[in-house]
Amino acid sequence: MARTREVVLASRNPHKLRELSSLLAPLALVRLPDDVELPAEVGASFAENSLIKARAAARATGRAALADDSGIEVAALGGAPGVRSARYAGEHATDEQNLTKLLDDLSDAVDRRAAYVCVLALVEPVSGGSLRETVVEGRCEGMLIDVPRGSGGFGYDPAFVPNEQAEQNLTMAEISEAAEAAESAQAGKDAISHRGAAAARLLRLLEGSA
């Protein structure tokens, strides 16, 4: 892989740009041009949604484009919310509303297993007008607790305890709180997070194809 390669991020979320830029160095992620419109995420899987966005950005810009789609899968709910994680309680639901609905739906569940999932899709225009596509998945397995804890992170983080933190019983939100105060804590979170796992796999594939 080249030392620095510019890649368009198929998202207008500044938080996502910062996080993925840190995880994917030496790739240089750049913001999506204002005149590029991304299609609706109508895929039935994280991979389909990632590819929908990355293909659109790559075709519109003529440059390599990266997209991610992520969410939480809950065993007792048959894998839901899945691709609907960001709108589980409705199209314009807040993180708090989504989390409240999820915990309500699990109020009688004995099985509390869950997994954060992130799929990254890198789409690169090649000669002849075709596209080269690389898709990787990262997972963070864990358990959902009944009462949310911690103010860091976002989404379902206050109720999700990664398996790697089972002994300390820290939620992802509590890990994020610690990360704000210590760079080493952030590195620790990245090492176990679904985005960190997906980013590491993508970098290994790119290094192997250099």
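Our subject is the structure that appears above.
Note that the structure is a prediction, hence the values are computed from the model and not measured.

### Concerning the layout of surface pockets
(1) Moving on: Volume-wise, the largest pocket comes out at about 820 Å³.
(2) Moving on: Along the walls of the largest pocket sit 33 residues, with K16, S70, A86, F154 and R195 positioned nearest its centre.
(3) Moving on: Mapped by element, the contributors of at least two residues to the lining of the largest pocket are α1 (14–23), α2 (46–61), β3 (65–74), α3 (95–105) and α6 (194–209).
(4) Moving on: Here the lining of the largest pocket gets four residues from one element, more than from any other, and that element is β3.
(5) Moving on: Its residues assigned to classes, the lining of the largest pocket comprises 10 nonpolar, 11 polar and 12 charged.

### Some words on the pattern of salt bridges
(1) Moving on: Overall, the coordinates contain 18 salt bridges when judged by the stated rule.
(2) Moving on: For the salt bridge of E91 with R87, the shortest nitrogen-to-oxygen distance reads 3.9 Å.
(3) Moving on: For R112, the salt bridge is made with D146, and the minimal N-O distance between the two is 3.0 Å. Of this pair, R112 sits in the loop between α3 and β4 (113–125) while D146 sits in the loop between β5 (131–144) and β6 (160–162); the two residues are 34 residues apart in sequence, bridging distant segments of the chain.
(4) Moving on: On the basis of relative accessible area, D146 is assigned to the exposed category, the value being 57%.
(5) Moving on: The structure contains a network of salt bridges with shared partners spanning K16, E19, D68 and R195.

### Considering the packing of aromatic side chains
(1) Moving on: Throughout the structure, instances matching the rule amount to one aromatic pair.
(2) Moving on: On the basis of an interplanar angle of 55° and a centroid distance of 4.7 Å, the ring pair of Y116 and F160 is categorised as tilted. Residue Y116 is located in strand β4, and its partner F160 is located in strand β6; the two are separated by 44 residues in the primary sequence.
(3) Moving on: Looking at Y116, the relative accessible area reads 6%, which means it is buried.

### Here we look at the state of the cysteines
Covalently bonding the sulfur atom of one cysteine to the sulfur atom of another cysteine gives a disulfide.
(1) Moving on: Within the structure shown, the criterion is met by zero disulfides.
(2) Moving on: Of the cysteine sulfurs around C118, a residue in no disulfide, the closest is that of C140, at 11 Å.

### Some points on the sheet that holds strand β2 (residues 27–30)
(1) Moving on: The strand order across the open sheet built from six strands is β2-β1-β3-β4-β5-β6, with neighbouring strands paired in mixed fashion. Each edge of the open sheet is held by one strand with a lone partner, namely β2 and β6. Between one strand axis and the next, the sheet turns through 40° on average, direction left out of account.
(2) Moving on: Bridging between β3 and β4 involves 10 bridges; their strand directions are antiparallel. Counterpart to V74 in the pairing with β4 is A114.
(3) Moving on: Those strands touched by α1 are β1 (5–9), β2, β3 and β4, and its axis lies near 175° from that of β2.
(4) Moving on: Against the sheet, α2 makes contact with β1, β3, β4 and β5, and its axis sits at roughly 165° relative to β3, the strand it touches most.

### Observations concerning α3
(1) Moving on: All of the buried residues in α3 are N98, L99, L102 and L103. Take α3 and look down its axis: the buried residues cluster within an arc of 125°, on one side only.
(2) Moving on: Those residues of α3 hidden inside the fold are in contact with β3 and β5.

### Side note on unusual backbone geometry
(1) Moving on: A cis amide bond, omega 15°, links A25 with the succeeding residue P26.
(2) Moving on: By secondary structure assignment, the location of P26 is in the loop between α1 and β2.
(3) Moving on: Across the junction of A80 and P81, the peptide omega takes the value 0°, indicating a cis bond.
(4) Moving on: Tracing the backbone through its elements, the reader meets P81 in the loop between β3 and α3.
(5) Moving on: Residues other than glycine seldom take positive phi values, yet N169 does so here, at roughly 60°.
(6) Moving on: As for its position among the elements, N169 is in the loop between β6 and α4 (172–181).

Reading the values: the criteria
Residues numbered from 1 in each chain as written. Predicted model: local features only at pLDDT ≥ 70, side-chain atom pairs only at ≥ 80, totals over all residues. Heavy atoms only, no water. 1 Å grid on protein atoms, 1.4 Å probe; cavity = no way out; pocket = protein on both sides within 12 Å on 5 of 7 lines; lining within 4 Å. Points joined across faces, edges and corners; volume = space filled by probe spheres on them. Helix = DSSP H or I, 4+ residues; strand = E, 2+ residues; numbered from the N terminus. Nonpolar A, V, L, I, M, F, W, Y, C, P; charged D, E, K, R; others polar. Salt bridge = Lys/Arg side-chain N within 4 Å of Asp/Glu carboxyl O. Buried < 20%, exposed > 50% of the residue type's maximum accessible area, 1.4 Å probe, protein only. Phe/Tyr/Trp six-rings, centres within 6.5 Å; stacked < 30°, edge-to-face > 60°. Disulfide = S-S within 2.5 Å. Pairing = 2+ DSSP bridges. Axes fitted to C-alpha atoms, helices over the stretch in contact; angles between N-to-C directions. Contact = heavy atoms within 4.5 Å. Arc of directions from axis to C-beta.

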